[in-house]
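For reference, the chains in residue letters:
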Amino acid sequence: MRPFVFVNLAMSADGKISTVERRQVRISGQADRERVDRLKAEADAILIGIGTVLADNPSLTVKSEALKEDRHRRGLDENPVRVVIDSRARTPFEADILHKGPGRRIIAVTESANHEKVSTLRKWAEVISAGEKEVDLATVLEMLWERGIRRLMVEGGGTLIGALMREHLVDELYTYVGNLVIGGSGAPTPADGPGFTKEEEFVRLTLLEITSLDQGVLIRWKVQ
Ligand SMILES: NC(=O)c1ccc[n+]([C@@H]2O[C@H](COP(=O)([O-])OP(=O)(O)OC[C@H]3O[C@@H](n4cnc5c(N)ncnc54)[C@H](OP(=O)(O)O)[C@@H]3O)[C@@H](O)[C@H]2O)c1
């Protein structure tokens, strides 16, 4: 068994999720940030790749006081469990995700991860191991299910989302399309990695909802 998995991402009008230097960009406005905060507060856990930790150093905490209080009322930690996919245990010891805000953290590594780094990360997070060289994502999702996680939000980046799509591990996708062009053929996109070459491998989506938000558009898709 695995949790319900939904991806939330923001991309420019030309389909980029950051710049060629992998610099974080503000793609959406206040209303969209509040929507993302609500999605976070409703999730049991939030998953990101080590590439995003290294590029953006996000804390992934719930920002709204009202949403934090609501989680407390429901008997939950203030923040959802924060999970990093990190084969080689490269999460910096000072990363915000390990220190900002209360709540559980899980770092998913592989058998080949450096033992010293793993034991240091255990000061702040539960470290789980799945896979030999690359994290086995299906196994991690099963392990999250065993830990009571039923609703999992994926916050990027492109490589992790591409891999989850390839392994058919995504149920829904929220794409916010912002009113800017970032450009650059090497700039990250929503589903990076090797991609698909055969039409029968393409991930097909069903359109659920379109909403105009800030100066852009929010599209909610169901993965077929
Ligand atoms: N606009 C948005 O919504 C948004 C959201 C998030 C991020 N971003 C942007 O996305 C960029 C970062 O994305 P990214 O693609 O470089 O990194 P990423 O997707 O966050 O992380 C990818 C890394 O995860 C690790 N990994 C371990 N097992 C894996 C598996 N089975 N499949 C895939 N990856 C696995 C790999 O590193 P190891 O092998 O070392 O573990 C891989 O390089 C940044 O520029 C950030 O600003 C944008």
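Definitions and cut-offs
Residues numbered from 1 in each chain as written. Predicted model: local features only at pLDDT ≥ 70, side-chain atom pairs only at ≥ 80, totals over all residues. Heavy atoms only, no water. Near = heavy atom within 4 Å. Polar contact = N/O pair within 3.5 Å; in protein donor to acceptor, adjacent residues only side chain to side chain. Areas by Shrake-Rupley, 256 points an atom, 1.4 Å probe, with all protein chains shown as cover. Helix = DSSP H or I, 4+ residues; strand = E, 2+ residues; numbered from the N terminus. Nonpolar A, V, L, I, M, F, W, Y, C, P; charged D, E, K, R; others polar. Pairing = 2+ DSSP bridges. Axes fitted to C-alpha atoms, helices over the stretch in contact; angles between N-to-C directions. Buried < 20%, exposed > 50% of the residue type's maximum accessible area, 1.4 Å probe, protein only. Arc of directions from axis to C-beta. Contact = heavy atoms within 4.5 Å. Salt bridge = Lys/Arg side-chain N within 4 Å of Asp/Glu carboxyl O. Right-handed = clockwise from strand over helix to strand, strands pointing away.

### Re the site of the ligand
Lining the immediate environment of the ligand, one finds 28 residues, of which A10, S18, T52, R90 and T159 sit closest. The contact in question runs from an oxygen atom of the ligand to an N or O atom on the side chain of T52, over 2.6 Å. Contacts to the ligand include V135, whose backbone N or O atom sits 2.8 Å from a nitrogen atom. For the ligand, the protein covers 89% of the area, taking 930 Å² as the surface of the free molecule. Put simply, the parts of the chain that give the shell around the ligand at least two residues each are β1 (4-11), α2 (50-56) and α7 (158-166). Broken down by element, the shell around the ligand gets its largest block of residues, five residues, from α2. Residues belonging to the shell around the ligand are distributed by class as follows: 12 nonpolar, nine polar and seven charged.

### Notes on the sheet that holds strand β5 (residues 126-129)
In spatial order, the strands read β5-β4-β3-β2-β6-β1-β7-β9-β8; together these nine strands make up an open sheet with mixed pairing. Each having just a single partner strand, β5 and β8 (205-213) make up the two edges of the open sheet. Between one strand axis and the next, the sheet turns through 20 degrees on average, direction left out of account. Alignment of strand β2 (residues 45-49) against strand β3 (residues 81-85), held across five bridges, turns out to be parallel.

### Brief notes about helix α6 (residues 137-146)
An α-helix turns once per 3.6 residues; consequently, residues spaced three or four apart project the same way. Taken residue by residue, α6 has L137, V140, L141, M143 and L144 as its buried positions. Burial along α6 is one-sided: seen end-on, the buried residues are contained in an arc of 160 degrees. Contacts from the buried residues of α6 go to β1, β3, β4 (105-109), β5, β6 (151-154) and α7. A side-chain oxygen of the first residue of α6 lies 3.3 Å from the backbone nitrogen of A138; this N-cap is D136. Positive backbone phi, at 90 degrees, marks G148, one or two positions downstream of α6.

### Some words on the environment of A130
Among the secondary structure elements, A130 is positioned in the loop between β5 and α6. Exposure remark for A130: the relative accessible area of 4% places this residue in the buried category. Along the backbone, A130 and T110 are 20 residues apart, and their C-alpha atoms lie at a distance of 5.3 Å. Residues within four places of A130 in sequence aside, it is in contact with V109, T110, V135, D136, T139, V140 and M143.

### Here we look at the pattern of salt bridges
Scanning the entire structure with this criterion turns up 14 salt bridges. Across the pair D70 and R74 runs a salt bridge, and its minimum N-O distance is 3.2 Å. With a relative accessible area of 44%, R74 lands in the partly exposed category. R204 is the partner of E199 in a salt bridge, and the nearest nitrogen-oxygen pair spans 3.9 Å. E199 sits in the exposed class, given a relative accessible area of 56%. Through salt bridges with shared partners, a single network forms among E65, K68 and E78.

### So, the pairing of β4
A large share of β4 lies buried, amounting to five of its five residues. Neither face of β4 is exposed, since R105, I107 and V109 on one face and I106 and A108 on the opposite face are all buried. Pairing between β3 and β4: four bridges, direction parallel. Within β4, the position partnered with I85 by the bridge is A108. Bridge count for β4 against β5 is four bridges, and the pairing is parallel. In the sheet register, I106 faces β5, and the bridge partner there is E126. In this region the chain leaves β4, passes through helix α5 (residues 115-121) and returns to the parallel neighbour β5; the handedness of that crossover is right-handed.

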